[in-house]
Amino acid sequence: GGRFTAPLMRQGLPENPLILRAAQVIAGIGTSQAASLELCRSCAELLSEAMALTNEVAGPSAQLLLQIIEGVVTGSRQVFSLREAQLSAWLESDCELTNTLSVLGRLLSELGGPFVRFVVLQENNVPAVLNDLSTLAQHFVRLRHTDLARCGLDFWYQGLAVHLGAEAIEEDPFDEEGSSGQAWGGNRDPDQETNRRSVERPRLETHIQAMVQAHWQAVRYPPEPEQEAHFEWDDFVRFRELCNINITEACVVVTPRWIIEHIGQLLEEICKQNPIPWQDIDACVFVLTGVASRAPAGQDTVIPRLIELLPQLPYPSDGVKALLLRSAASRLVLFTSGYLALNEGPCKAILKFLALQHLPSILPLKPAPDPDVKKYCEALACDAMKMVMTAARKTIVAADNGGLWKEAVNAVIALVSDGRFSVDCRAQLVFGIGQVLSVLQDWNELEQALSMFVSRMEVPIQPILSALPPEPLGSRAVKTTRDGKAPVELKLYIASVSSVYNMPARDPTLLPADHHPVLGVVEKHFATIERVCIHHTHYEELMEQVCLAFSYILGFSREYAPMSKVFVPMMKLMARCCEQHPQPYYMSLVRSAIGFFASNAENQMDAVLVDLTGLFIAPVARTLTAATASGGVHAAASAIAPPISGAAYEMMAEAVRHWNLSLLAIKSTQWMPEVLDCTIEVLPRLTEEGQAMYERTITAMLRFIRNVLLWGDPETAKGDMAPELLELQKQAQGIMVERQLPRGTALPRLIHSLSMLLVVSAPNNPSRGEVVPTVAEVYR
């Protein structure tokens, strides 16, 4: 795209009587002889269409644009002078004044691009009317009416887009042969663009600095938000985000350092006032967090000064302002957690501020008219605490010779135990505690600290455990909570058990450890963990959390888990839970364990993994086969849900992918021939009646069979004559070709089943699913 001007513009449009009259009407707004509002709107529409005929600022185009600018500036000046007292307060959404200003604002919002183009072409002696237009745009931004103020935002956004070369560019609609001349935007040489901006920057700098100052004023909340009759929460929050976009983009012209230093000067003046206006502090934090990412870290004094001020600020004790200023403080901490991680002094101060002052002060505050405001305040504060404990965990552990982390962890545990926080907030804090503990180099100390944490989190669940029956109710258990979810205390207890992960590599100079500290804690508290699980299997989201927790723990302790006394009890516990209420995540846990440990090829662990696999897959295979034989696919779906059978066979396919597990399962178990026999039997039935429902299960079954076939293929060994591989080859061939299964030899039945699969799949657009490609893999 490039410059364009419609032929109509060159044919005297600026002198057209209708255009001249429209500009006069706009200039006369606010006077006693002002035209009707409808006529003013029509004139604004006409002038807007005329501006769309060009993107140049020379010749007739400049003449037209300056006429419109003169009219908008004159009309606005008259309205503002007559209604100055009204404009300091929040305006009604629909009244004569706002309707009048909306006409002017509509034109103003379209003048940002022409304004910048005019200014950058003037080395000196910028026409006074352009300075007036800049002042007017700043005034609109500051208006206490989000729709009108947005007109000012659009003005500056368009102007910045022109300077950045990022404005929407179209081909000249009036040039049939395509665009010509110098482009305002589009595909231009990067070096030329850099040079252009460096020339334009000094000419725009004063205007953009004034823009930033106006935006800071615009993002301030009213001193008493609840008492402002025309203040709209949601509109103002969205408006602030638009302001943030403009301020961030302004960094290209005035630099982040200038904005930060300007906010620093404002802070100095604000802090001299008594009382300190909370809304001004909030606005400073809002602007700083918007530009902080654009500034080099640690190279200013303003953000450190504000961090130092946070614990000392006079936080309001009631009203929405109490929540808003605390949210601003949390936001600043979130954005500066990296700085805190590198500076022990500020880190200690902020950690104590958050744990002992900031978070406890939020809880007794009354909710705002919009309850989400307090929820957001709590969530932001807890997120800030978690972020500091995560980013600065090494600094925290090293500070005060190990004294700081103990004080901080104890304080945060007390917050986790406070039921007034939501479960999500408390979970964030649990995560933060785990991050701090995870960097303790002394594993004995880590184990003691984590065990203490888990013991503390056990206290709130004691009433629940005391009310449990002697034996689990199993499938007879019913949910007793109002929302049908597990009690929050149980979720937090499990979260505490698995809170330590993401541990850095252990110092190789330390003495080798005989066990992993997290596994040691699980072993110590296993009796309680077992009671929590076995009596609450009907709470699906809790048991999924347990499976994920066990998976995390086994994953980061994989070097120690095979020797741990608690590994087998953990997995058997999950098998018992699955038996009571089958769910796919139990199979996913076993599949993860196979992935963690099968490659070690250690006899004792192999036996455990093979037993676990059989424990989960055999009942699924039997149930599917019996149900489809008696009542078809729908009976099978009632007996065992497709996601469960899919997860079970994916676990099975993963197990037989490993040579050591395949050899042990084929050679030494009773369940392996039965599972293979059932699988071959049920495959055609599932495909014929329920391919869409059981596609995941069918493809996992086929992968399981394919892996067995591969181990029986001499090509798989690729010349490796290891006795184990030769034995596996013999065993795999035997189970597929020689051994008599309950329903006959496997291979002939398998070939028949595969043929039926292809026949059944043919009418169902086979290229779209995975069944036919997987059948092809088995054939190969």
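From a predicted model like this one, the values you see are computed outputs, not experimental measurements.

A. Examining the overall build of the protein more closely. Looking only at helices and strands, the protein features 36 helices and two strands. Here the C-alpha radius of gyration of the protein, 36 Å, is well above what a compact globule of 780 residues would show, namely 28 Å. Counting only C-alpha atoms and orienting by the principal axes, one finds that the protein spans roughly 105 × 70 × 50 Å. The burial tally for the protein puts 53% of its 780 residues in the buried class. Considering only residue pairs separated by 6 or more positions, the protein has 78% of its internal contacts joining residues 24 or more positions apart. If the 65 positive side-chain charges of the protein are averaged to one point and the 87 negative ones to another, these points end up 5 Å apart.

B. Local environment of unusual backbone geometry. At the junction of Asn274 and Pro275, the peptide bond is cis and its omega measures out at 0 degrees in the coordinates. For Pro275, the position within the fold is in the loop between helix H11 (256–271) and helix H12 (278–291). Unusually for a residue other than glycine, Asn401 sits at a positive phi of about 55 degrees. Inspection of the secondary structure puts Asn401 in the loop between helix H18 (393–398) and helix H19 (403–416).

C. Spatial organisation of helix H8 (residues 146–164). With 19 residues, H8 should reach 27 Å at 1.5 Å per residue; the first-to-last C-alpha distance of 26 Å fits that figure. Burial of H8 is extensive: 14 of the 19 residues sit out of reach of the surface. One or two positions beyond H8, positive phi appears at Gly165, with a value near 75 degrees.

D. Quick peek at a nonpolar patch on the surface. Where nonpolar side chains cluster on the molecular surface, the patch consists of Tyr157, Leu242 and Ile245 and spans about 270 Å² of accessible area. Tracing the sequence through the fold places Leu242 in helix H10 (residues 233–254).

E. Region of interest: the side chain of Ser438. The residue Ser438 is located in helix H20 (residues 423–438) in this model. Here the side chain of Ser438 touches Arg393 through a polar contact of 2.7 Å, side chain to side chain. Contact partners of Ser438, with chain neighbours within four places excluded, come to Arg393, Leu446, Val500, Tyr501, Asn502, Met503 and Pro504.

F. The pattern of salt bridges, seen in detail. For the coordinates displayed, the defined rule picks out 32 salt bridges. Across the pair Lys491 and Glu541 runs a salt bridge, and its minimum N-O distance is 3.6 Å. Taken together, the residues Lys491 in helix H23 (residues 488–497) and Glu541 in helix H26 (residues 540–556) connect sequence positions 50 residues apart. Across the pair Glu530 and Arg576 runs a salt bridge, and its minimum N-O distance is 3.4 Å. With a gap of 46 residues between them, Glu530 in helix H25 (residues 526–534) and Arg576 in helix H27 (residues 567–580) connect regions that are remote in the sequence. By relative accessible area, which is 39% here, Arg576 ends up partly exposed. A network of salt bridges, in which partner residues are shared, links Asp677, Glu681, Arg685, Arg743 and Arg749.

G. Main features of the nonpolar core. Residues Met574, Tyr649 and Phe704 are the most contacted members of the largest nonpolar core, which totals 271 residues. The leading source of residues in this core is helix H32 (residues 671–712), at 18 residues. Not counting chain neighbours up to four residues away, the residues in contact with Phe704 comprise Tyr649, Met652, Ala653, Val656, Met672, Val675, Leu676 and Thr679.

H. Spotlight on the side chain of Asn707. Along the chain, the position of Asn707 falls in helix H32. Apart from the residues lying within four places of it in its own chain, the contact partners of Asn707 are Ala653, Val656 and Arg657.

I. Structural context of the state of the cysteines. This structure, assessed with the given rule, holds zero disulfides. Here Cys243 stays unpaired: no disulfide links it, and the sulfur of Cys151, its closest cysteine neighbor, is 13 Å away. Take Cys377: it sits in no disulfide, and the sulfur closest to it among the cysteines is that of Cys382, at 9.4 Å.

J. Quick look at the packing of H19 against H20. It is the contact of H19 with H20, at a shortest axis distance of 9 Å, that shows an interaxial angle of 160 degrees. It follows from the interaxial angle that H19 and H20 lie roughly antiparallel. For the element pair H19 and H20, the recorded crossing hand is left-handed. Note on element contacts: H20 touches H19 through Arg426, Leu429, Val430, Ile433, Val436 and Leu437, opposite Trp405, Val409, Val412, Ile413, Leu415 and Val416. A class-by-class count of the residues in the contact of H19 with H20 yields 11 nonpolar, no polar and one charged.

K. Main features of the packing of aromatic side chains. For the coordinates displayed, the defined rule picks out 21 aromatic pairs. For the pair Tyr221 and Phe231, a centre-to-centre distance of 6.2 Å together with 65 degrees between the ring planes defines the contact as edge-to-face. Of the two residues, Tyr221 sits in the loop between helix H9 (190–218) and H10 while Phe231 sits in the loop between H9 and H10, which places them 10 residues apart along the sequence. The residues Tyr221 and Phe231 share a single accessibility class, namely buried. The rings of Trp90, Tyr221, Phe231, Trp233, Phe236, Phe239 and Trp278 are connected pair by pair, giving a single aromatic cluster. Its end group placed over the ring of Phe286, Arg240 keeps NZ or CZ at 4.2 Å from the ring centre. The side chain of Lys386 reaches across the aromatic face of Phe431, ending 5.5 Å from its centre.

L. Region of the structure containing the packing of H10 against H12. Packing of H10 against H12 brings their axes to within 9 Å, and their N-to-C directions diverge by 55 degrees. Considered as vectors, H10 and H12 are oriented oblique to each other. As for how H10 packs across H12, the hand of that crossing is right-handed. Contacts between H10 and H12 involve Arg240, Glu241, Asn244, Ile247, Thr248 and Cys251 from the first element and Asp282, Phe286, Val287, Gly290 and Val291 from the second. Looking at the contact of H10 with H12 residue by residue, the class counts come to five nonpolar, three polar and three charged.

M. Examining the confidence of the model for the protein more closely. Counting all residues, the mean pLDDT for the protein is 88, and 94% of those residues have values of 70 or more. Summarising per-element confidence for the protein, the mean pLDDT is lowest in helix H36 (residues 771–779) (73) and highest in helix H24 (residues 517–524) (96). With pLDDT under 50 throughout, residues 168–185 is counted as low confidence; its partners more than four residues away or in other chains account for 35 contacts.

About the cut-offs
Residues numbered from 1 in each chain as written. Predicted model: local features only at pLDDT ≥ 70, side-chain atom pairs only at ≥ 80, totals over all residues. Heavy atoms only, no water. Helix = DSSP H or I, 4+ residues; strand = E, 2+ residues; numbered from the N terminus. Rg over C-alpha atoms; globule rule 2.2 N^0.38 Å. Buried < 20%, exposed > 50% of the residue type's maximum accessible area, 1.4 Å probe, protein only. Contact = heavy atoms within 4.5 Å. Lys, Arg positive; Asp, Glu negative; His and termini not counted. Charge placed at Lys NZ, Arg CZ, Asp CG, Glu CD. Expected span 1.5 Å × (residues − 1). Patch = residues over 30% accessible without salt bridge, like charges linked within 9 Å, V, L, I, M, F, W, Y side chains within 5 Å. Areas by Shrake-Rupley, 256 points an atom, 1.4 Å probe, with all protein chains shown as cover. Salt bridge = Lys/Arg side-chain N within 4 Å of Asp/Glu carboxyl O. Polar contact = N/O pair within 3.5 Å; in protein donor to acceptor, adjacent residues only side chain to side chain. Core = buried A, V, L, I, M, F, W, Y, C linked by side-chain atoms within 4.5 Å. Disulfide = S-S within 2.5 Å. Axes fitted to C-alpha atoms, helices over the stretch in contact; angles between N-to-C directions. Parallel < 35°, antiparallel > 145°, perpendicular 65-115°, else oblique. Left-handed = near helix turned anticlockwise from the far one by under 90°. Nonpolar A, V, L, I, M, F, W, Y, C, P; charged D, E, K, R; others polar. Phe/Tyr/Trp six-rings, centres within 6.5 Å; stacked < 30°, edge-to-face > 60°. Lys NZ or Arg CZ within 6 Å of the ring centre and 35° of its normal. pLDDT = per-residue confidence, 0-100.

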